[in-house]
Amino acid sequence: QVQLLESGGGLVQAGGSLRLSCAASGRTFSSYAMGWFRQAPGKEREFVAGINLSGGTTYYGDSVKGRFTISRDNAKNTVYLQMNSLKPEDTAVYYCNAFISRTRDYWGQGTQVTVSS
């Protein structure tokens with residue numbers, strides 16, 4: 001079992017920055033990959049970024065490449081999402097995901113990010 005708690009969301013103007021955090025507890029943090037997803041009203045959940053166990057490999061959705069950076073601190077059991085150059089279309093609920101296997105993963109409760117134009 002893994003428990004995830006996101007924080008850091010809020011309201012920001014276009015062009016601004018936010019850093020999301022996701023604190024994990026339960027299973028050994030360094031034993032699973034982590035990811036961030038988002039869901040805007042009326043849209044499907046979208047992959048934002050992913051990071052492997054050690055943090056040495058990262059992946060990004062096309063819409064955030066070059067603007068967002070995912071990182072993890074295994075000593076703090078935390079994954080981060082640094083979001084720069086935010087756009088109104090980045091407005092969504094952002095969810096943290098712990099990927100254990102193709103048949104087992106866990107989700108946080110989500111944190112709202114709102115970007116005003």
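What counts as what
Residues numbered from 1 in each chain as written. Predicted model: local features only at pLDDT ≥ 70, side-chain atom pairs only at ≥ 80, totals over all residues. Heavy atoms only, no water. Pairing = 2+ DSSP bridges. Helix = DSSP H or I, 4+ residues; strand = E, 2+ residues; numbered from the N terminus. Axes fitted to C-alpha atoms, helices over the stretch in contact; angles between N-to-C directions. Phe/Tyr/Trp six-rings, centres within 6.5 Å; stacked < 30°, edge-to-face > 60°. Buried < 20%, exposed > 50% of the residue type's maximum accessible area, 1.4 Å probe, protein only. Lys NZ or Arg CZ within 6 Å of the ring centre and 35° of its normal.

**Points about the sheet that holds strand E1 (residues 2-7)**
Logical step 1: Taking strand neighbours across the sheet as the criterion, the four strands line up as E1-E3-E8-E7 in an open arrangement whose pairing is antiparallel. Of all the strands in the sheet, just E1 and strand E7 (68-73) have a single pairing partner and so form its edges. The average angle at which neighbouring strand axes cross in this sheet is 15°, direction not considered.
Logical step 2: Sheet topology note: the strand E3 (residues 18-26)/strand E8 (residues 78-83) ladder contains six bridges and is antiparallel.

**Remarks on the pairing of strand E10 (residues 104-107)**
Logical step 1: Bridging between strand E9 (residues 92-101) and E10 involves four bridges; their strand directions are antiparallel. The partner of asparagine 97 across the bridge, within E10, is tryptophan 107.
Logical step 2: Here E9 folds back onto E10, and the loop between the two strands holds two residues.

**Points about the packing of aromatic side chains**
Logical step 1: If you walk through the whole model with that rule in mind, you get three aromatic pairs.
Logical step 2: Aromatic side chains phenylalanine 37 and phenylalanine 47 sit 5.5 Å apart centroid to centroid with 75° between the ring planes, which places their arrangement in the edge-to-face category. Of the two residues, phenylalanine 37 sits in strand E4 (residues 33-39) while phenylalanine 47 sits in strand E5 (residues 46-51), which places them 10 residues apart along the sequence.
Logical step 3: On the basis of relative accessibility, which here comes to 33%, the residue phenylalanine 47 falls in the partly exposed class.
Logical step 4: Each ring, one from phenylalanine 37 and one from tryptophan 107, has its centre 5.0 Å from the other, and the planes form 65°; the classification is edge-to-face. With phenylalanine 37 in strand E4 and tryptophan 107 in strand E10, the pair connects residues that are 70 residues apart, well separated along the chain.
Logical step 5: A relative accessible area of 35% means that tryptophan 107 is categorised as partly exposed.
Logical step 6: Taken together, the ring pairs connect Phe37, Phe47 and Trp107 into an aromatic cluster.
Logical step 7: Sitting over the ring of tryptophan 107, arginine 45 keeps its end group 4.5 Å from the ring centre.

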